[in-house]
Amino acid sequence: MNQLLGAMVRMKHYVIVVSLYSQMELTRVSHNTYSLSILIDCFCKLGQMGCGFSVLGKMMKLGVEPNSRIAEALSLFHKMLEEGIQPHLHVYNTILNGLCKTKKVDAAGRFLCMMEDRGFEPNIIAYTAVIDCFCKNLSLKEALSLFSKLKEKRIRPNTITYSCLIKASLGLDQQQVAERLLDEMEDNKILLDVVTYGILVDWIGKKGSLDEAKNIMDTMRKRGIEPSTAGFRGYIKPNIVVYGMIIDALCKLRRFSDALNIIQKMRNQGIEPNVVIYNSLMRIMFLINKDFIAE
DNA sequence: CTAGGGTTAG
């Protein structure tokens, strides 16, 4: 769905996109960071700043920071061990997930080994979390080596495990690795799901062969899988690009103090303006100056 | 609420 909305924005059908959103609200298709960001972009380009602000406000309300104080969680965890309390497997996995999400690659790897040493045989969820972390922050090679290790232990990788590795392979243009993984899935009767298909469609789309992308979409539909925005588990909150769109629109309307206000809001969220935002601000100052000279 | 994707700004 978001791919479709993005395409319509590129074709400048802003009004249609906005009306699609009301339809999504009515049919209760869930929104996420992506869909709301695109909506804000449309309002900015239509000059409807009031509407843009109201969506931004909605995002900020929904985007309450998770308390990801992983260090505290870790020390609490070690205290449990010292006191002889055996944490359950899902406690291990929650901590491991926190380490992976905060990109603590080494710590995540060590934590996984610690689980093995303590006789807590990590399950496929634990391995998949670390494999994904390795893919994104270390190397495909390390991720693949962990992958063979879990297969040796007779732990069965699933669709999610394969999706992580396939995405990483394609990102590095290692098409033959991705093909091998896809063959392996087929041999083991592990089905592709909406996320796996999404990864393939995205990659083929970037390669430019739209026919092949269409083929994959057809296969999906034949199997009863519809593209959707569902399944999003993260927090909805504005990022620097969203703020950038709003600030640029305000600058074009010469609403300088409003733009500065937004920057203050960003800083309150711990996001510092980048070069794109400074460029927007500099242009408006240049324009104001020109008006001043003309008068 | 135990693991995976995509999107928009000068």
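Everything that follows concerns the structure shown earlier in this document.
The present account deals with the structure reproduced in this document. What you are looking at is a predicted structure, and each value in this text was computed from that prediction instead of being measured.

A word on the packing of aromatic side chains
To describe a pair of aromatic rings, you give the distance between the ring centres and the angle between the ring planes. The full count for this structure, using the stated rule, is five aromatic pairs. Between Tyr 92 and Phe 120 the ring centres are 4.4 Å apart and the planes differ by 40 degrees, which places this aromatic pair in the tilted class. With Tyr 92 in helix α6 (residues 89-101) and Phe 120 in the loop between α7 (105-117) and α8 (124-137), this pair connects stretches of sequence that are 28 residues apart. Overall, the relative accessible area of 0% leaves Tyr 92 in the buried class. Considering the side-chain rings of Phe 147 and Tyr 162, the 5.4 Å spacing of their centres and the 80 degrees angle between planes classify their relative orientation as edge-to-face.

Here we look at the pattern of salt bridges
Inspection of the entire model under this criterion finds ten salt bridges. A salt bridge links Lys 153 to Glu 116; its shortest N-O distance comes to 3.1 Å. Remark: Glu 116 occurs in helix α7 and Lys 153 occurs in the loop between α9 (140-152) and α10 (159-171); sequence separation between them is 37 residues. Judged by relative accessible area, which is 33%, Lys 153 ranks as partly exposed. Overall, Glu 116 belongs to the buried group, its relative accessible area being 18%. The salt bridge partner of Asp 132 is Lys 136, with a shortest N-O separation of 2.8 Å. Of this pair, Asp 132 and Lys 136 both sit in helix α8, four residues apart, which is roughly one turn of that helix. Among the charged side chains, a network of salt bridges with common partners joins Glu 116, Glu 121, Lys 149 and Lys 153.

Quick word on the nonpolar core
As a rule of thumb, soluble globular proteins bury nonpolar side chains together. Formed by 51 residues in total, the largest nonpolar core has its most connected members in Leu 96, Phe 111, Ile 131, Phe 147, Leu 165 and Ile 166. Sorting elements by how many residues they give to this core places α8 first, with eight residues. With near-sequence residues (within four places) excluded, Leu 96 lies in contact with Ala 108, Phe 111, Leu 112, Met 115, Ala 126 and Val 130.

Let's talk about α7
Taking 1.5 Å of rise per residue, 13 residues should cover 18 Å, and α7 covers 19 Å from first to last C-alpha, within 8% of that figure. Elements in contact with the buried residues of α7: α5 (70-82), α6, α8 and α9. Phi turns positive one or two residues past the end of α7, at Gly 119, with a value near 80 degrees.

Observations regarding the environment of Thr 196
The topology assignment puts Thr 196 in helix α12 (residues 194-207). Separated by 29 residues in sequence, Thr 196 and Lys 167 have C-alpha atoms that sit 8.3 Å apart. Each residue touching Thr 196, except ones within four places of it in the same chain, is listed here: Thr 159, Ser 163 and Ile 166. Polar contacts involving the side chain of Thr 196 include one to the side chain of Asp 193, which spans 2.9 Å.

Quick look at the packing of α7 against α8
Direction vectors running N to C along α7 and α8 enclose 155 degrees, while the axes themselves pass 10 Å from each other. Put simply, α7 runs roughly antiparallel to α8. Both α7 and α8 take part in a crossing whose hand is left-handed. Contact residues: Val 105, Ala 108, Gly 109, Leu 112, Met 115 and Glu 116 in α7; Ala 126, Tyr 127, Val 130, Cys 133, Phe 134 and Asn 137 in α8.

Quick look at unusual backbone geometry
The phi dihedral of Lys 189 falls on the positive side, at around 60 degrees, and the residue is not glycine. Within the secondary structure, Lys 189 sits in the loop between α11 (175-187) and α12. Look at Arg 254: it is not a glycine, yet its phi comes out positive at around 60 degrees.

Some thoughts on the protein's contact with DNA strand B
Arg 10, Ser 37, Asn 158, Ser 163 and Asn 279 are the nearest of the 42 residues found near DNA strand B. Backbone sugar and phosphate groups make up 37% of those atoms of DNA strand B lying within 4 Å of the protein. Between DNA strand B and Thr 128, the relevant distance is 3.4 Å, taken from a base nitrogen to a side-chain nitrogen or oxygen of the residue. With respect to DNA strand B, the side chain of Asp 193 contributes an N or O atom lying 2.7 Å from a base nitrogen. Elements represented by at least two residues in the surface near DNA strand B include exactly α3 (33-45), α6, α8, α10, α12, α14 (240-252) and α16 (275-294). Across the surface near DNA strand B, the residue classes tally to 15 nonpolar, 15 polar and twelve charged.

Remarks on the packing of α14 against helix α15 (residues 256-268)
Viewed as axis vectors pointing N to C, α14 and α15 meet at an angle of 165 degrees, and their least axial separation amounts to 9 Å. As far as their axial angle goes, α15 and α14 are roughly antiparallel. The handedness of the crossing between α14 and α15 is left-handed. Of the residues in α15, those in contact with Ile 240, Tyr 243, Ile 246, Ile 247, Leu 250 and Cys 251 of α14 are Asp 258, Ala 259, Ile 262, Ile 263 and Met 266. Per-class residue counts for the contact of α14 with α15 are ten nonpolar, no polar and one charged.

Reading the values: rules and limits
Residues numbered from 1 in each chain as written. Chains lettered and ligands numbered in written order. Predicted model: local features only at pLDDT ≥ 70, side-chain atom pairs only at ≥ 80, totals over all residues. Heavy atoms only, no water. Phe/Tyr/Trp six-rings, centres within 6.5 Å; stacked < 30°, edge-to-face > 60°. Helix = DSSP H or I, 4+ residues; strand = E, 2+ residues; numbered from the N terminus. Buried < 20%, exposed > 50% of the residue type's maximum accessible area, 1.4 Å probe, protein only. Salt bridge = Lys/Arg side-chain N within 4 Å of Asp/Glu carboxyl O. Core = buried A, V, L, I, M, F, W, Y, C linked by side-chain atoms within 4.5 Å. Contact = heavy atoms within 4.5 Å. Expected span 1.5 Å × (residues − 1). Polar contact = N/O pair within 3.5 Å; in protein donor to acceptor, adjacent residues only side chain to side chain. Axes fitted to C-alpha atoms, helices over the stretch in contact; angles between N-to-C directions. Parallel < 35°, antiparallel > 145°, perpendicular 65-115°, else oblique. Left-handed = near helix turned anticlockwise from the far one by under 90°. Near = heavy atom within 4 Å. Nonpolar A, V, L, I, M, F, W, Y, C, P; charged D, E, K, R; others polar.

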